[in-house]
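Structure assessment
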Amino acid sequence: TLVYLTPLLGGYIADASWGRYKTIGVFGTLYLIGVALMTLSAYPNDKTEWLFMFSFFGCVALGAGGIKSNVVTMGGDQFNLDIPDEVEQKERYFNYFYWVINIGALVSYFVLAQMATEPEEFGLWQGWGFFATFGISTGCLLLALTSFFSATG
């Protein structure tokens, strides 16, 4: 899919002109717009398949791919390997990074997928599962981007 090809674009843009921070900011915002539009497209009784297709294959594929190649490397760049304590901290960073990514994937596959397809089991009305699931994803991405931008000096 596109999300596995667009990291090449994100890495190239970060290395050639924008830098990692700006690339993550721009592509992360595009990703957030895409997920928010997916949420709107999943609103029950709305026939907005075109909006879903645009947001998913346009904004989300470009946005997620654009940050994929930069987030982990930007985090690794924060450590000075000449300082022994920071070598250990860098190892911990990568360990925590991959644990959090994989726990998030487990939650999305086992909880959010179930919520999307069987909303009644979560106390939601029939037809509201995808809207709720995409809304949760939008909120999480908004929180992540807010955290990213608030750490700017």
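Below is a summary of the structure that appears in this document. (Residues numbered from 1 in each chain as written. Predicted model: local features only at pLDDT ≥ 70, side-chain atom pairs only at ≥ 80, totals over all residues. Heavy atoms only, no water.)

Remarks on helix α5 (residues 129–150)
Heads up, the condition is: Numbering of helices and strands runs from the N terminus; a helix is a DSSP stretch of H or I covering at least four residues, while a strand is a stretch of E covering at least two. Residue count minus one, scaled by 1.5 Å, sets the expected span of a helix. For every residue, the accessible area obtained with a 1.4 Å probe (protein chains only) is divided by the maximum for its type, and the residue is called buried under 20%, exposed over 50%, and partly exposed between those limits. Contact definition: two residues touch when any of their heavy atoms are within 4.5 Å.
The terminal C-alpha atoms of α5, which comprises 22 residues, lie 31 Å apart, in line with the 32 Å expected from a rise of 1.5 Å per residue. All buried positions along α5 are accounted for by Gly129, Ala132, Thr133, Phe134, Thr138, Leu141 and Leu145. Each element contacted by the buried residues of α5 is listed here: α2 (20–41), α3 (49–76) and α4 (84–117).

Quick word on the pattern of salt bridges
It is possible for side chains of opposite charge to pair when their charged atoms get near one another. Here is the rule: Here, a salt bridge means any Lys or Arg side-chain nitrogen found within 4 Å of an Asp or Glu carboxyl oxygen.
Taken as a whole and assessed by the stated rule, the structure comprises one salt bridge. With a shortest N-O distance of 2.2 Å, Asp77 and Arg20 are connected by a salt bridge. A residue pair is termed long-range when its members are at least 10 positions apart, and Asp77 in the loop between α3 and α4 and Arg20 in helix α2 qualify at 57 residues. Its relative accessible area of 28% is what places Arg20 among the partly exposed residues.

Quick word on the nonpolar core
As a reminder of what qualifies: The definition of a nonpolar core used throughout is a set of buried Ala, Val, Leu, Ile, Met, Phe, Trp, Tyr and Cys residues joined through side-chain atoms within 4.5 Å.
One finds Leu32, Val35, Met38, Ala42, Val60, Phe134, Leu141 and Leu145 forming the largest nonpolar core, which totals eight residues. For this core, the elements supplying multiple residues, two or more each, are α2 and α5. Within the second largest apolar cluster, five residues are counted, among which are Ile13, Ile24, Ile67 and Met74.

Quick word on the side chain of Thr6
As a reminder of what qualifies: Counted as a polar contact is a pair of N or O atoms within 3.5 Å, where, for protein atoms, one must be capable of donating a hydrogen and the other of accepting one, and residues adjacent in sequence contribute only when both atoms are in side chains.
In this structure, Thr6 sits in helix α1 (residues 6–18). A distance of 2.9 Å separates a polar atom in the side chain of Thr6 from the backbone oxygen of Ala61. In this structure, Thr6 is in contact with Ala61, Leu62, Gly65 and Gly66, ignoring residues within four places of it in sequence.

What about a nonpolar patch on the surface?
Rules: The patch calculation keeps residues exceeding 30% relative accessible area without a salt bridge and links them within 9 Å when they carry like charges or within 5 Å when they are nonpolar (Val, Leu, Ile, Met, Phe, Trp, Tyr). Each accessible area value is a Shrake-Rupley result obtained with a 1.4 Å probe; residue values ignore everything except the protein chains displayed when judging cover.
Taken together, the side chains of Trp99, Ile103, Leu106, Val107, Tyr109, Phe110, Val111 and Phe122 define a hydrophobic patch exposed on the protein surface, amounting to about 860 Å² of accessible area. Note that Phe110 resides in helix α4. Taking the relative accessible area as the measure of exposure, Phe110 reaches 62% and is therefore exposed.

With respect to the environment of Phe122
Here Phe122 shows up in the loop between α4 and α5. Take Phe122: its relative accessible area is 35%, and that puts it in the partly exposed class. Counting along the chain gives 11 residues from Phe122 to Val111, while the straight-line C-alpha distance between them is 9.7 Å. In this view, Phe122 contacts Val111, Gln114 and Met115; residues no more than four positions away in its chain are not counted.

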